[in-house]
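Here is what each chain is made of, one letter per residue.
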Amino acid sequence: MQTRAAVLRESPGPWEVQTVELDPPKDHEVLVRMVASGLCHSDDHFVTGDIPPGHLPFCGGHEGAGVVEEVGPGVSSLSVGDHIVTSFIPSCGRCRWCATGVQALCDNGELLAIGHQLDGTFRMHLEGEDVGQACLVSTFAEYTVMPETSAIKIPKDIPLDVAALLGCGVPTGWGSAVNAAQVTPGDVVIVVGVGGIGINAVQGARHAGASRIIAVDPVAMKRNFALKLGATDAVADQAEAADLARSATNGQGADSAIVCVGVTHGEHVAGAFSAIRKAGTVVVTGVGPAVEVGIPVGLLELSMYQKRIQGVILGMMSPNKDVPRLLGLWRAGQLKLEELVTRTYGLEEISQGYADMHAGVNMRGVLKFDQPKAAADAAEATVGVSV
Ligand SMILES: NC(=O)c1ccc[n+]([C@@H]2O[C@H](COP(=O)([O-])OP(=O)(O)OC[C@H]3O[C@@H](n4cnc5c(N)ncnc54)[C@H](O)[C@@H]3O)[C@@H](O)[C@H]2O)c1
Ligand SMILES: [Zn+2]
Ligand SMILES: [Zn+2]
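This one's a predicted model, so the numbers in the text were calculated from it and none came from an experiment. (Residues numbered from 1 in each chain as written. Chains lettered and ligands numbered in written order. Predicted model: local features only at pLDDT ≥ 70, side-chain atom pairs only at ≥ 80, totals over all residues.)

### Considerations on the overall build of the protein
Reasoning step 1: Scanning the protein for helices and strands turns up twelve helices and 18 strands.
Reasoning step 2: At 20 Å, the protein has a C-alpha radius of gyration in line with the 21 Å of a compact globule built from 387 residues.
Reasoning step 3: If one aligns the C-alpha atoms of the protein with their principal axes, the spans along those axes are about 65 × 50 × 40 Å.
Reasoning step 4: Looking at the 387 residues of the protein, the share that counts as buried comes to 52%.
Reasoning step 5: Summarising the internal contacts of the protein: among those between residues at least 6 apart in sequence, 73% fall at separations of at least 24. (Helix = DSSP H or I, 4+ residues; strand = E, 2+ residues; numbered from the N terminus. Rg over C-alpha atoms; globule rule 2.2 N^0.38 Å. Buried ≥ 20, exposed ≤ 12 C-beta atoms within 10 Å, placed from the backbone. Contact = placed C-beta atoms within 7 Å.)

Encoded structure:
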């Protein structure tokens, strides 16, 4: 079949909305009609060239929700008509990591920036060339094919545009606080960068019982939004956050600092490192240029103060277990989802969506595939950031 999709032909390079050929699902794969896709910053690294895709052309998008339209041979966990959220790691259920309950580290995750399917062949094609699929799912397409193990079934009463954020932003941010920083009641937590990921670290830290949550972001709208979602303080730079944390802890420093800056550099991690107490934890969720190495921290401070620097992917979550649990929290009114979507866009407006992300006007922009341009304009007029 043919479908419309946002594709990169080069990196750096712009999204081009093209008609691509899509093969039917093969063994253990499903055809999904996308309903909504979040515009996560991670896909923008491919546009800037900070993280070049492993295969070009490349169809982006990894944070989405849709409806199963067709199942390939051998699919046992999904049926036509099921509603699904994508998991940006296709968890096999059998490798060492899946077997120990850490689906986010599934060995199949190594394919996420290359984008052929699990059998090594491609389902998407453009002008005779194979197209790589972001995280094997490529949610920036009206229809897409993905492994059965990349699709998490959700109840049909959950609005799919709301559920889309469970594909990345919500579990990644939430888990950065709850799993990676292991926030416990009374903790003082700094969240550096409160965009689509960091705001969910704020939500996770609040839920875990932090007494102070200090949000850091240069953009005033983000700071105000963080205060509405549970931050106790919001400041524009890391040095001010470190001072606040020390003043709240008799000079010791924050229990943890979670770095979610859009383009994360070593100095952001170093700033977080100097703000935490002895045996505290810096969580590094944000990513930056693939070629960049080094974190400028003192080795003596690292060893003598027993500080930890902890990387994290997908919030250390196991989506098969955790997506339903997060939805349970949402149903109980303990997790905000709708409020995170500032603005929606049609597929053709994807570059505008990312321009708005860079301009700092969205907590999260979301593509809606049934949304023509006029509807997008109306949505822009009505959707706000009020909580
Ligand atoms: N580890 C993972 O599994 C994972 C998953 C998804 C996204 N990410 C990464 O997380 C990062 C954040 O993604 P996002 O979608 O939330 O991006 P975003 O653009 O929505 O948010 C980034 C925020 O950082 C803020 N910021 C910029 N410079 C800053 C600074 N010096 N100090 C404090 N804040 C600053 C921006 O104003 C913005 O609010 C990206 O690097 C993304 O690739 C990682
Ligand atoms: Zn696995
Ligand atoms: Zn993401």
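### Regarding the nonpolar core
Reasoning step 1: Counting residues in hydrophobic clusters, the biggest one holds 114 residues, and the most contacted among them are Val189, Ile190, Val191, Val202, Ile258 and Val259.
Reasoning step 2: No other element matches strand 3 (residues 29-38), which puts six residues into this core.
Reasoning step 3: Those residues in contact with Val202, other than ones at most four positions away along the chain, are Val191, Val194, Ile213, Ala215, Ala226, Leu229, Gly230 and Ala231. (Core = buried A, V, L, I, M, F, W, Y, C linked by C-beta atoms within 7 Å.)

### Quick look at the site of ligand 1
Reasoning step 1: If you check the shell around ligand 1, you find 30 residues, and the closest are His41, Gly193, Gly195, Ile197 and Gly262.
Reasoning step 2: Per-element tally for the shell around ligand 1: the top contributor is helix 1 (residues 41-48), with three residues.
Reasoning step 3: For the shell around ligand 1, the class distribution of residues is 15 nonpolar, 13 polar and two charged.
Reasoning step 4: No fewer than three residues from each of domain 1 (2-167 + 337-382) and domain 2 (173-313) sit in the shell around ligand 1. (Near = placed C-beta within 6 Å. Nonpolar A, V, L, I, M, F, W, Y, C, P; charged D, E, K, R; others polar. Domains from an automatic or database assignment.)

### Observations concerning the sheet that holds strand 1 (residues 2-8)
Reasoning step 1: Within the closed barrel, the five strands sit side by side as 1-2-7-8-4. Their pairing is mixed.
Reasoning step 2: Examined bridge by bridge, strand 1 and strand 2 (residues 16-22) share six bridges and lie antiparallel to one another. Opposite Arg4, over in strand 2, you have Thr19 as the bridge partner. (Pairing = 2+ DSSP bridges.)

### Notes on the sheet that holds strand 14 (residues 254-259)
Strands pair in a sheet through their backbones, by hydrogen bonds, and they do so in one of two ways: parallel or antiparallel.
Reasoning step 1: Read from one edge of the open sheet, six strands run 13-12-11-14-15-16, paired in parallel fashion. Each edge of the open sheet is held by one strand with a lone partner, namely strand 13 (233-235) and strand 16 (308-311). Pairwise comparison of adjacent strand axes, ignoring direction, gives a mean angle of 20° for this sheet.
Reasoning step 2: Inspection of the sheet shows strand 12 (residues 212-216) paired to strand 13 by three bridges, in the parallel sense. (Axes fitted to C-alpha atoms, helices over the stretch in contact; angles between N-to-C directions.)

### Thoughts on the domain arrangement of the protein
Interface extent is often summarised as the accessible area lost during association of the parts.
Reasoning step 1: Domain parsing of the protein yields domain 1 (2-167 + 337-382) and domain 2 (173-313).
Reasoning step 2: Spacing between the C-alpha centres of domain 1 and domain 2 amounts to 28 Å.
Reasoning step 3: At the junction of the two partners, domain 1 supplies 13 residues and domain 2 supplies 14 residues.
Reasoning step 4: Split into classes, the residues belonging to the side of domain 1 that touches domain 2 amount to seven nonpolar, four polar and two charged.

### Digging into helix 5 (residues 198-207)
Each full turn of the α-helix corresponds to 3.6 residues, which orients residues three or four apart in the same direction.
Reasoning step 1: In terms of burial, helix 5 is largely enclosed, as eight of its ten residues are buried.
Reasoning step 2: Regarding helix 5, the residues found buried are Gly198, Ile199, Asn200, Ala201, Val202, Gln203, Gly204 and Ala205.
Reasoning step 3: Buried residues in helix 5 make contact with helix 4 (169-180), strand 11 (188-192), strand 12, helix 6 (220-228) and strand 14.
Reasoning step 4: Gly209 sits one or two residues past helix 5 and shows a positive phi near 100°.

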